[in-house]
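Geometric and topological summary
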Amino acid sequence: MKVEIFKDKETLYRSVSDFYVKAINEKPNMTLGLATGTTPIPLYKNLIESYKNKQVSFKDITTFNLDEYIGLDKTHKASYAYFMKNQLFDHIDIKLENTFIPSGILEPQVAISEFQKALDAHQVDIQLLGLGSNGHIGFNEPGTPFNSTTHQTDLALSTIEDNSRMFESIKDVPTQSITMGIQDIMRASKIILIATGKQKAEAVYGMIHGPVDENLPASILQKHNDVVIYLDEAAASKLK
Ligand code: F6R
């Protein structure tokens, strides 16, 4: 695990986006695993800017998103499909048919097998991850088996609380999701995890120094041979 700690978020995100621009230019048809939530927003902003400045093109890129809420259609503003269009896809030259996100409205077993089939046909070159304050990656909540593939999950109460800011009221937050499994995430050639803010510090400590334990899903990343963790000082504040 390589851990990089940055004084401020701007430098952190600049470093991550420079890495992506270089990697995509080296392999313009790469497959990217993407995340949603607050964490990737500045990265997506930088990538849009690089696209507009003609420093990078996404026309041959394929993407797989980690997860989607069950019950939310892509027109729902809190759905991850809506988020991806709004925060990234609508502003770059990616072909939407090459972007894969689990469906939140198909019958879950159908959505899961469609997504898994597409994912299994690709090798993800770089998987981007955020980190839940409870140590989740994707929506693989504490207790999820490390050998899990794409599956339906019950969201932890802490996740529902953390994500309620995207909804009018906590009652509107879906209680279930479809997520790429931990085994799927670990298959990626390279993993980039970004965590910022002191609310992530405890999970960051466990991910890096703790035992590899299903109760802290991100701790499995200790077993991957190419992981880079990007932290700001607040998220790194509990590290040894
Ligand atoms: C999002 C995802 C989640 C988030 C995590 C952190 O696609 O899979 O694991 O990365 O919940 O969320 P934020 O970035 O909102 O703090």
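To be clear, the structure that these remarks concern was listed above.
Residues numbered from 1 in each chain as written. Predicted model: local features only at pLDDT ≥ 70, side-chain atom pairs only at ≥ 80, totals over all residues. Heavy atoms only, no water.

The subject of this paragraph is the sheet that holds strand β8 (residues 176-179). Pairing is antiparallel across the open sheet formed by three strands, whose spatial order is β4-β8-β7. For this open sheet the edge positions go to β4 (67-69) and β7 (151-154), each flanked by a neighbour on one side alone. The mean inter-strand angle of the sheet, taken between neighbouring strand axes irrespective of direction, is 25°. Sheet analysis places β4 next to β8, joined by three bridges and oriented antiparallel. Of the residues in β8, the one forming a bridge with Y69 is S177. Docked against the sheet, helix α4 (residues 108-120) engages β7 and β8, running at close to 125° with respect to β7. (Pairing = 2+ DSSP bridges. Helix = DSSP H or I, 4+ residues; strand = E, 2+ residues; numbered from the N terminus. Axes fitted to C-alpha atoms, helices over the stretch in contact; angles between N-to-C directions. Contact = heavy atoms within 4.5 Å.)

Here helix α2 (residues 41-52) contains 12 residues, and its C-alpha end-to-end distance of 17 Å stays within 8% of the 16 Å for a straight helix at 1.5 Å per residue. Turning to α2, its buried residues are I41, L43, Y44, N46, L47, I48 and S50. Lining the buried residues of α2 we find α1 (9-26), β2 (31-34), α3 (80-87) and β6 (126-129). Of the residues flanking the end of α2, it is K54, one or two places downstream, whose phi is positive at about 60°. (Expected span 1.5 Å × (residues − 1). Buried < 20%, exposed > 50% of the residue type's maximum accessible area, 1.4 Å probe, protein only.)

A cluster of nonpolar side chains, namely M1, V3 and I5, defines an oily patch on the protein surface of about 240 Å² accessible area. Here M1 is to be found in the segment before β1 (2-6). Residue classification places M1 among the partly exposed positions, given a relative accessible area of 38%. (Patch = residues over 30% accessible without salt bridge, like charges linked within 9 Å, V, L, I, M, F, W, Y side chains within 5 Å. Areas by Shrake-Rupley, 256 points an atom, 1.4 Å probe, with all protein chains shown as cover. Salt bridge = Lys/Arg side-chain N within 4 Å of Asp/Glu carboxyl O.)

Once that is clear, we can look at the site of the ligand. Close to the ligand lie 14 residues; T39, D67, H136, G138 and K200 are nearest. K200 is positioned such that a nitrogen or oxygen atom in its side chain is 2.7 Å from an oxygen atom of the ligand. Across the shell around the ligand, the residue classes tally to three nonpolar, eight polar and three charged. (Near = heavy atom within 4 Å. Polar contact = N/O pair within 3.5 Å; in protein donor to acceptor, adjacent residues only side chain to side chain. Nonpolar A, V, L, I, M, F, W, Y, C, P; charged D, E, K, R; others polar.)

Moving on, we come to the packing of aromatic side chains. All told, the structure shown has eight aromatic pairs when counted by the stated rule. Measuring from ring centre to ring centre gives 5.7 Å for Y69 and F139, while their planes differ by 45°; the resulting arrangement is tilted. Here Y69, found in strand β4, pairs with F139, found in the loop between β6 and β7; they are 70 residues apart in sequence, far enough to count as distant. The burial state of Y69 is the same as that of F139; both residues are buried. A relative accessible area of 3% places F139 in the buried class. Pairwise contacts between aromatic rings join Y69, Y80, F139 and F167 into one cluster. (Phe/Tyr/Trp six-rings, centres within 6.5 Å; stacked < 30°, edge-to-face > 60°.)

As a further point, take the environment of S15. By secondary structure assignment, the location of S15 is in helix α1. Judged by its relative accessible area of 24%, S15 is partly exposed. Placed 28 residues apart in sequence, S15 and L43 show a C-alpha to C-alpha distance of 9.4 Å. Excluding its chain neighbours within four sequence positions, the residues that come into contact with S15 are E4, F6 and Y230.

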